[in-house]
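Architecture at a glance
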Amino acid sequence: MPASGAVTRSTLRQQIADALRDEVLAGRLLPGQEFTVKQIAEQYGVSATPVREALVDLSAQDLLDSDQHRGFRVHRFSIDDFRGMVEARALIVDGVFGRLEGERPAAQAHGTELVSVRRRAEEAARAARCGDLNILIGYDLRFWRELGALVANRYVADFLHRLRVQAWVFSVPFLREETEGGKWLWNGHEQLVDALTLGDAAGVRAVIAEYDDHALKWADRLESSPR
């Protein structure tokens, strides 16, 4: 976990939390997998205190479960949990983007920032079309994070980011087992940015609705497939 400048306990704590979250998102730490503070501290060559703090932070984000006697384990989300994430996300996003109707297009107010969002959209959509899950996750999360910063306040944007991380944590193990995994990787990022740039509120909401419907259909497929 290289860092420039002085590394404080606070930044080390965040670096460890980010590194472990990335391990979970990459599928290298699987749902139900257990580990201790000591194991993680030895793995990264750091003291136990910032590791424990990082693990507590991840537990607060519902990515880990804490057991007083056995340490920590990666949280196992259910299909119903995933549906709940999608439905909660849909309610909030519909309200956020609904405010675009009758307002000045966000692109006019945030032209410079929208350039960066468009780059993320292009990279995320390209990775999804290629079925490259490793590349897609990072760009997808950054795309939605930057987009959220343009149209929502910080508290809403942070909550939506947390939901998307949880949704990816649920999805990754299943997508890696899918023989047609690429088919279920949503790639409408560019269409969303196009609609937003034009100030087309109805178009924005239509793309978002398709995005949510895509996720729920995948959940239905998972539930009906033998595992």
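Located above this text is the structure these notes cover.
In what follows, the accompanying structure is described. Each residue is numbered by its place in its chain's sequence as written, counting from 1. Side-chain atom pairs in this predicted model are given and counted only at pLDDT of 80 or more, local residue features only at pLDDT of at least 70, and totals for whole chains, interfaces and linings cover all residues. The basis for the side-chain values is all heavy atoms of the structure; hydrogens and waters are excluded.

Let us look at the pattern of salt bridges. We define a salt bridge as a side-chain nitrogen of Lys or Arg found within 4 Å of a carboxyl oxygen belonging to Asp or Glu. Evaluation of the coordinates by the stated rule reveals 18 salt bridges. Of the charged contacts, one joins Asp57 and Arg13 as a salt bridge, the two residues approaching to 2.7 Å between their closest N and O atoms. One end of the pair, Asp57, is in helix α3 (residues 48-60); the other, Arg13, is in helix α1 (residues 9-25), with 44 residues separating them in the sequence. The partner of Arg205 in a salt bridge is Asp94, and the shortest N-O contact between them spans 2.9 Å. Strands are runs of DSSP state E lasting at least 2 residues, helices are runs of H or I lasting at least 4, and numbering of each runs from the N terminus.

Before going further, it helps to examine the environment of Asp212. For Asp212, the location among the structural elements is in helix α10 (residues 201-224). Residues Asp212 and Arg89, spaced 123 residues apart in sequence, show a C-alpha to C-alpha distance of 8.5 Å. In what follows, a contact means two residues having at least one pair of non-hydrogen atoms within 4.5 Å. Those residues in contact with Asp212 that lie beyond four places of it in its chain are Val86, Arg89 and Ala90.

Attention now goes to the sheet that holds strand β2 (residues 64-67). Strands sit in the order β1-β3-β2 across an open sheet of three strands; the sheet is antiparallel. The open sheet has two edge strands with one neighbour each: β1 (34-35) and β2. Any two strands are treated as partners once DSSP identifies two or more bridges connecting them. Across two bridges, the pairing between β1 and strand β3 (residues 71-74) is antiparallel. The partner of Phe35 across the bridge, within β3, is Phe72. Structural elements are reduced to axes, namely lines fitted to C-alpha atoms, with helices fitted over the stretch in contact, and the angle between N-to-C directions of any two is expressed from 0 to 180 degrees. Seen against the sheet, α3 touches β1, β2 and β3 and runs at an angle of roughly 120 degrees to β2.

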